[in-house]
Amino acid sequence: MQAEMECLSDDELEEFIRGSEIVVIDFWAPWCAPCHVLHRIIQRIIPMFNCIKFGRVDTQKYPEAAEQYSVYGLPTLIIFKHGEPVDRIVGVVPREVLISRLKSLVDAS
Amino acid sequence: MRVAAVGIMGLGYGSFADCEPKFLNMLLNSYPRGVVENSENQTPKSAWLKILGNIGPEEMKKLSIIPSNIPITEPTMGYPSLDTERITLREELEAVYSEFSKLIGRGRVVASINLYEREESCESLKLVDEYLERMYMDLDSFMFFSPYGEREGNGRNKYGIYISTLPRPQEDQTIKLEEIMPLILDL
């Protein structure tokens, strides 16, 4: 079971996205206060979704990754299914909303 | 002008997600915000020594800084001066607020809440949230910050909070401890 989000470089991102059926990537930056709030929300729900892989990309270190996925606001969560982006959440959302969005994807797979 | 900076040791944004402090969440969505980054000075004393730099009691007077419960001495420095080993977080908050309401308007009150990190819990955060709201009601300009975040393994999270009437100096950078005092002087 994944216990913590994997910190990814732009080189590792593509392989990570293709490494599981459903993958969630958190695009963040250290200076972004809401990013730290969202990070904790994600940490708390990771144990509920054994079939999903969670990773995060520091866009300050890896701006190319943010550019590649058209990330213009932080935090941005992109949910990938079979390597393709299928959902995007910008900003902090309540835990229940995130759980519901992920559950619907898991149920449909 | 009624001006104050209050440092809350060990408070991080992760606790905003876990505990949903009503007042702090409102501030977060209403005022300039940022993130303090500090991985080296993660005790109340070392963090404040770094923040104060060369500013001693004489310099504080010149700069109209009124220290409150600053943990660089034992008991703490300023008004109130507390023996934090012998009191609870609630007692600390009550003592700081009681002096705060007398001192505000006479200078820049620079206060420290040192016992949240010892009693870290949602219950404690609720208490801190209530007292910060009371202080806020008395202020024109404020800075609520923490020099480091929650307990993490054997240490502390290196990211603390920054919410203020004053925007952080650089939009795409974290705030370092040595930048805190110049910001307080700009409040």
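Residues numbered from 1 in each chain as written. Chains lettered and ligands numbered in written order. Predicted model: local features only at pLDDT ≥ 70, side-chain atom pairs only at ≥ 80, totals over all residues. Heavy atoms only, no water.

Residues and elements named next belong to chain A. Between helix H2 (residues 33-45) and helix H4 (residues 95-108), whose axes approach to 10 Å, the crossing angle comes to 55°. Comparing the axis directions of H2 and H4 gives the class oblique. At the point where H2 passes H4, the crossing takes the right-handed sense. The residues of H4 that touch H2, namely those facing Ile-41, Ile-42, Arg-44 and Ile-45, are Arg-95, Leu-98, Ile-99 and Leu-102. (Axes fitted to C-alpha atoms, helices over the stretch in contact; angles between N-to-C directions. Helix = DSSP H or I, 4+ residues; strand = E, 2+ residues; numbered from the N terminus. Parallel < 35°, antiparallel > 145°, perpendicular 65-115°, else oblique. Left-handed = near helix turned anticlockwise from the far one by under 90°. Contact = heavy atoms within 4.5 Å.)

This part covers the environment of Lys81(A). Residues and elements named next belong to chain A. Looking at the secondary structure, you find Lys-81 in strand S4 (residues 76-81). Looking at Lys-81, the relative accessible area reads 15%, which means it is buried. Between the C-alpha atoms of Lys-81 and Ile-22, which are 59 residues apart in sequence, the distance is 4.6 Å. Once you skip the residues sitting within four places of it in the chain, Lys-81 turns out to touch Glu-21, Ile-22, Val-86, Leu-105, Ala-108 and Ser-109. (Buried < 20%, exposed > 50% of the residue type's maximum accessible area, 1.4 Å probe, protein only.)

Counting through the fold element by element, Thr59(A) comes out in the loop between strand S3 (52-58) and helix H3 (63-68). Leaving out residues up to four positions away in the same chain, Thr59(A) has contacts with Phe27(A), Trp28(A), Ala29(A), Ala66(A) and Leu74(A).

Each side of the interface is counted separately: chain A has 13 residues, and chain B has 17 residues. The contact between chain A and chain B buries some 1,200 Å² in all, and 61% of this surface belongs to carbon and sulfur atoms. Taken together, chain A and chain B are joined by three salt bridges. A salt bridge links Asp18(B) to Arg40(A); the shortest N-O distance between them is 2.5 Å. The interface formed by chain A and chain B contains three residue pairs in polar contact (both at pLDDT 80 or more). Element by element, the count of residues in the side of chain A that touches chain B is highest for H2(A), at seven residues. (Buried area = accessible area lost by both parts, 1.4 Å probe. Salt bridge = Lys/Arg side-chain N within 4 Å of Asp/Glu carboxyl O. Polar contact = N/O pair within 3.5 Å; in protein donor to acceptor, adjacent residues only side chain to side chain.)

The next subject is the sheet that holds strand S1 (residues 6-8) of chain A. Residues and elements named next belong to chain A. Spatial strand order, S1-S3-S2-S4-S5: five strands in an open sheet with mixed pairing. Only two strands of the sheet have a single partner each, and these edge strands are S1 and strand S5 (84-90). Across the sheet, the mean angle from the axis of one strand to that of its neighbour is 25°, orientation sign disregarded. Sheet topology note: the strand S2 (residues 22-28)/S3 ladder contains seven bridges and is parallel. Within S3, the residue paired with Asp-26 across the bridge is Arg-56. (Pairing = 2+ DSSP bridges.)

Attention now goes to the layout of surface pockets. Of the volumes computed, that of the largest pocket is approximately 590 Å³. Trp28(A), His39(A), Arg56(A), Asn157(B) and Tyr159(B) are the residues nearest the centre of the largest pocket, which is lined by 27 residues in total. At the level of elements, S1, H2 and S3 of chain A together with helix H1 (13-19), strand S6 (151-152) and strand S8 (159-164) of chain B are the ones that each hand at least two residues to the lining of the largest pocket. It is H2(A) that provides the largest number of residues to the lining of the largest pocket, a total of five residues. (1 Å grid on protein atoms, 1.4 Å probe; cavity = no way out; pocket = protein on both sides within 12 Å on 5 of 7 lines; lining within 4 Å. Points joined across faces, edges and corners; volume = space filled by probe spheres on them.)

Once that is clear, we can look at the pattern of salt bridges. This structure, assessed with the given rule, holds 14 salt bridges over all chains. Linking Asp18(B) and Arg44(A) is a salt bridge whose minimum nitrogen-to-oxygen distance equals 2.6 Å. Of this pair, Asp18(B) sits in helix H1 while Arg44(A) sits in helix H2, placing the two residues on different chains. Taking relative accessible area as the criterion, Asp18(B) reaches 26% and is therefore assigned partly exposed.

Below, the discussion takes up the packing of aromatic side chains. A full pass over the atoms with the stated rule returns 12 aromatic pairs over all chains. Ring geometry for Tyr97(B) versus Phe100(B): centroids 6.3 Å apart, planes at 25°, classification stacked. Pair noted here: Tyr97(B) and Phe100(B) are both in helix H5 (residues 89-103), with a separation of three residues, about one helical turn. No difference in accessibility class separates Tyr97(B) from Phe100(B), as the two residues are buried. Relative to Phe144(B), the ring of Phe142(B) lies with its centre 4.9 Å away and its plane at 35°, an arrangement referred to as tilted. As far as the burial class goes, Phe142(B) and Phe144(B) line up, both buried. Among the aromatic side chains, those forming a connected cluster through ring pairs are Phe23(B), Tyr31(B), Tyr136(B), Phe142(B) and Phe144(B). Note that Lys53(A) overlies the ring of Phe16(A), its terminal NZ or CZ placed 4.3 Å from the centroid. (Phe/Tyr/Trp six-rings, centres within 6.5 Å; stacked < 30°, edge-to-face > 60°. Lys NZ or Arg CZ within 6 Å of the ring centre and 35° of its normal.)

Quick look at empty space enclosed by the protein now. Scanning the model with the defined rule gives one cavity of 30 Å³ or more in all. A volume near 30 Å³ is recorded for the largest cavity. Taken together, the residues that form the lining of the largest cavity break down as two nonpolar, three polar and two charged. (Nonpolar A, V, L, I, M, F, W, Y, C, P; charged D, E, K, R; others polar.)

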